[in-house]
Every structure is written in structure tokens, then in C-alpha cells.
Amino acid sequence: MSKQLVLMDHDGGVDDYLATMLLLTMDHIKLLGVVVTPADCYVEPAVSATRKIIDLMGFSHISVAESTVRGINPFPRLYRRDSFIVDHLPILNQQDTINTSLVAEPGQDFMVRVLREAPVPVTLMVTGPLTTVAVALEKAPDIEAKIERIVWMGGALNVGGNVEKSLEAGQDGSAEWNVYWDAVSAARVWQTQIEIIMCPLDLTNNVPVTSDIVYKMGKQRHYPVSDLAGQCYALVIPQDYYFWDVLATAYLGHPEFYQLREWETEIITTGVSQGRTKVVPGGRKIYAMDTVDKEAFYAYILQQWAR
Ligand SMILES: [Ca+2]
């Protein structure tokens, strides 16, 4: 059986690295590259950490590309600084050089090239804002036919968002961050015919990062990948943290853990609900991950990272 082709586009948050680490453990997938979108990170350490992680996992033939797109509403600096911490973790700095290459072209151009060169349509695994995808589609509309589907961590359908409600900032609390960073680009992707399978806050709210699961990663710390995952989660355990990007990515490994549900939706791009993914009859059809077998998911990531 030929492998499923996947291009990853992440935005440098703690769980983006972990999602990349999970994707790299999937034997049925051929990863064509990793694009880093400069959203939930500072992009230089995020690119560096990504390359070091790919090295650690033994896939240094996979290239990384830095997207140079810009968003509208920046992520909080407190979130973004995690990219510096991860890049400095001792386990990622045992070698003097990084073998995984950083391509010279911007991430959005890399995305266009990789999709055009692919022999069959590719799954885009996106764990950050959709801006790089939207810019690539704008530059090269022909690539739409080369995108099999977009599996995306983003949106909040029937629950509140995770962008804080603030009258001052003109935000009513309905937006999810990956949409809010650049709702215009999300709306651009919504205009395409591409199949979208999203992992919204409606689902991730039920799948927290617990002390128990982090301790279990520690118990298998003789495996470098599990050690690194445990270190990353230890960083964020004081916050309310959920398996956002990792839960979305695990769908590629075990879709049968999930039930999908179809919704008709619209992206709100202006006003106090800017960044909301609103359920609207007659709106753009998408699939949302609706339920997940949580215990199977927890067991799966522990098993995959035991290496
Ligand atoms: Ca992310």
C-alpha cells in the first residue's frame, strides 16, 4: 500500500512540536515537509526547534520552511515565548549542528512547490492559522486540486472561544485563536471546495493535559521522544492546557477513534465576533471531530512516543 502524503503547517506553539512528533511516528504517512507559520511563536526559535526535533526523531531528510505571512491579531507574548524555551531544551541540543535543512524559499512558496510536485493530492495537516494556506492558494489557485483535504485544529462551533472576552479589544469571547489571528485567511479557505475536517474547541475542551498523563510520559523517559514530550507538557501544566494540535493530528493515525459531524458554517471576519466559526444554516459545509475515544487516544500517544 502506498503511503498517504501529508504536508504539515504548524505555528510553533508547544503542542505544535508535539503534533509534529506524533506525525513523524506514523508509518503509513509520508511527510513531505514542515512549514512553520509565524503565529503562536517567535519564528526563528520555532524553526530551529522544529528542525532539531526532526533530527532527534531521525528524519533529517524532511525539509522545514519558514512562512513569511503576517496575521492581524498577534498571539500573546507569554504564549509565544515558549518557542525559545523548547529550542533551548537540553535534549534538543546534544549535537553541534542541525541536519534537517531549512529551505531558502518562504513557506508559502514551498507549499505551492510541494503540492505541484506531488504525484497525487496531499493532506494538509494544519495546527495553526490558515494564513499560509490562503496565501499559497492566492498565489497559485491550481494547487487547490492537489489538496486532498485540510485537517485543521481550529474553531469553536457551539462553545465559547479561547480569545479572552474584552470590550477594550472589541472581542466578545467567541473566537478561537487560530481563526482570530487571521480570520480573513480562514474565510478565504472557506471559499474553496477543499474538504475541511476540523478539530474545534468543542472537542478539545474534553481532552485536557492531565498530571497523570504527563507523569506517565515521565515513566517512559528512557525513550528520548517520551522524555521530550513530558518536558514540553511540564512547561504548560500550570495553565489550562488541552490536547489541541495533538488531538487534531492523531486523527491521521486513528480516524476510527473519532466521530465526525457535518456542520454548515461561516467565518466572521469583522466586528466583536471577529474570528468566530459560526454555525449558520446554508453555510460552508465542514466536518468537525465531534467525539473521540479519549482513553484510546491517551494510550496511542504514549505508545507512539515510546521511542
Ligand atoms: Ca498551534
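### Observations regarding the overall build of the protein chain
Part 1: For the protein chain, the helix and strand inventory stands at 13 helices and nine strands.
Part 2: A compact globule built from 307 residues should have a C-alpha radius of gyration of about 19 Å, and the protein chain, at 18 Å, falls within 12% of that.
Part 3: With the C-alpha coordinates of the protein chain rotated into their principal frame, the extents come out at 50 × 40 × 40 Å.
Part 4: Across the 307 residues that make up the protein chain, the buried fraction comes to 58%.
Part 5: In the protein chain, the proportion of contacts linking residues at least 24 apart, taken out of those at least 6 apart, comes to 82%.
Part 6: Of the accessible surface of the protein chain, which amounts to about 12,900 Å², a share of 50% is contributed by carbon and sulfur atoms.

### Overview of the environment of leucine 18
Part 1: Checked against the element boundaries, leucine 18 lands in helix H1 (residues 14–23).
Part 2: The class for leucine 18 is buried, based on a relative accessible area of 0%.
Part 3: Residues leucine 18 and threonine 68, spaced 50 residues apart in sequence, show a C-alpha to C-alpha distance of 22 Å.
Part 4: With residues up to four places along the chain from it excluded, the contact list for leucine 18 reads Ala229, Cys232, Tyr233, Val246 and Trp305.

### Brief notes about the nonpolar core
Part 1: Counting 69 residues, the largest nonpolar core has Tyr233, Phe243, Val246, Tyr258, Phe297 and Trp305 as the members making the most contacts within it.
Part 2: Residues contacting phenylalanine 297, with those up to four places away along its chain left out, are Val207, Phe243, Val246, Leu247, Ala250, Phe257, Tyr258 and Val292.

### Overview of helix H13 (residues 294–305)
Part 1: Between its terminal C-alpha atoms H13 stretches 17 Å, which fits the 16 Å expected from 12 residues at 1.5 Å a residue.
Part 2: Residues Ala296, Phe297, Tyr298, Tyr300, Ile301, Leu302, Gln304 and Trp305 constitute the buried set of H13.
Part 3: Those residues of H13 that are buried are in contact with H1, helix H10 (211–219), helix H11 (224–236), helix H12 (245–253), strand E7 (258–267) and strand E9 (284–292).

### A few points about the sheet that holds strand E3 (residues 64–66)
In a beta sheet, neighbouring strands are held together by backbone hydrogen bonds and run either parallel or antiparallel to one another.
Part 1: Ordered by their spatial adjacency, nine strands build an open sheet running E3-E2-E1-E4-E5-E6-E9-E7-E8, and the pairing between neighbours is mixed. Edge positions in the open sheet fall to E3 and strand E8 (277–279), since each of these has one partner strand only. Averaged over all pairs of adjacent strands, the angle between strand axes in this sheet comes to 30 degrees, irrespective of strand direction.
Part 2: Across eight bridges, E7 lies against E9 in antiparallel orientation. From the neighbouring strand, tryptophan 263 faces E9, where its bridge partner is isoleucine 286.

### Here we look at the packing of aromatic side chains
Part 1: Tallied over the entire structure, the rule returns 14 aromatic pairs.
Part 2: Their ring planes at 65 degrees and their centres at 5.3 Å tell us that tyrosine 233 and phenylalanine 243 sit as a pair that is edge-to-face. Taken together, the positions of tyrosine 233 in helix H11 and phenylalanine 243 in the loop between H11 and H12 put the pair 10 residues apart, joining distant regions of the chain.
Part 3: With a centroid separation of 5.2 Å and an interplanar angle of 75 degrees, the aromatic rings of phenylalanine 243 and phenylalanine 297 are classed as edge-to-face. Remark: phenylalanine 297 occurs in helix H13 and phenylalanine 243 occurs in the loop between H11 and H12; sequence separation between them is 54 residues.
Part 4: The class for phenylalanine 243 is buried, based on a relative accessible area of 1%.
Part 5: Against the face of tyrosine 42 rests arginine 80, its NZ or CZ located 4.2 Å from the ring centre.
Part 6: Between arginine 284 and the ring centre of tryptophan 190, over which it is positioned, the NZ or CZ distance is 6.0 Å.

### Points about helix H6 (residues 131–139)
Part 1: When we look at burial in H6, the residues that qualify are Thr131, Thr132, Val133, Ala134, Ala136 and Leu137.
Part 2: Where H6 is buried, its residues meet strand E1 (4–10), strand E2 (29–36), helix H5 (107–117), strand E4 (122–126), strand E5 (147–153) and helix H8 (183–190).

### Some points on the coordination of the calcium ion
Part 1: Every protein donor of the calcium ion is accounted for by Asp11 (OD), Asp16 (OD), Asp16 (OD), Thr127 (O) and Asp245 (OD), and the metal-donor separations fall at 2.3 to 2.5 Å.
Part 2: Motif for the calcium ion, donor spacing along one chain: D-x4-D-x110-T-x117-D. Taken together, the positions of aspartate 11 in the loop between E1 and H1 and aspartate 245 in helix H12 put the pair 234 residues apart, joining distant regions of the chain. Each member of the pair, aspartate 11 as well as aspartate 245, carries the same accessibility label: buried.

### Topic: the environment of aspartate 142
Part 1: Within the fold, aspartate 142 resides in the loop between H6 and E5.
Part 2: For the pair aspartate 142 and valine 112, spaced 30 residues apart in sequence, the C-alpha separation works out to 9.1 Å.

### Topic: the side chain of arginine 80
Part 1: Its location among the elements puts arginine 80 in helix H3 (residues 77–80).
Part 2: Lacking a salt bridge, the buried arginine 80 has aspartate 40 as its closest oppositely charged neighbour, with an N-O distance of 6.5 Å.
Part 3: Engagement of the side chain of arginine 80 in a polar contact is seen with the backbone oxygen of cysteine 41, the distance being 2.9 Å.

### Thoughts on the packing of H1 against H11
Part 1: At a minimum axis distance of 10 Å, the contact between H1 and H11 shows a crossing angle of 160 degrees. Here H11 runs roughly antiparallel to H1, going by the angle between their axes. Remark: the crossing between H1 and H11 carries left-handed chirality. Across the interface between the two elements, Val14, Leu18 and Met21 of H1 pack against Val225, Leu228, Ala229, Cys232, Tyr233, Leu235 and Val236 of H11.
Part 2: Residue composition of the contact of H1 with H11, grouped by class: 10 nonpolar, no polar and no charged.

Reading the values: the criteria
Residues numbered from 1 in each chain as written. Predicted model: local features only at pLDDT ≥ 70, side-chain atom pairs only at ≥ 80, totals over all residues. Heavy atoms only, no water. Helix = DSSP H or I, 4+ residues; strand = E, 2+ residues; numbered from the N terminus. Rg over C-alpha atoms; globule rule 2.2 N^0.38 Å. Buried < 20%, exposed > 50% of the residue type's maximum accessible area, 1.4 Å probe, protein only. Contact = heavy atoms within 4.5 Å. Areas by Shrake-Rupley, 256 points an atom, 1.4 Å probe, with all protein chains shown as cover. Core = buried A, V, L, I, M, F, W, Y, C linked by side-chain atoms within 4.5 Å. Expected span 1.5 Å × (residues − 1). Pairing = 2+ DSSP bridges. Axes fitted to C-alpha atoms, helices over the stretch in contact; angles between N-to-C directions. Phe/Tyr/Trp six-rings, centres within 6.5 Å; stacked < 30°, edge-to-face > 60°. Lys NZ or Arg CZ within 6 Å of the ring centre and 35° of its normal. Donors = N, O, S within 2.8 Å, 3.2 Å for Na, K, Ca; no water. Lys, Arg positive; Asp, Glu negative; His and termini not counted. Salt bridge = Lys/Arg side-chain N within 4 Å of Asp/Glu carboxyl O. Polar contact = N/O pair within 3.5 Å; in protein donor to acceptor, adjacent residues only side chain to side chain. Parallel < 35°, antiparallel > 145°, perpendicular 65-115°, else oblique. Left-handed = near helix turned anticlockwise from the far one by under 90°. Nonpolar A, V, L, I, M, F, W, Y, C, P; charged D, E, K, R; others polar.

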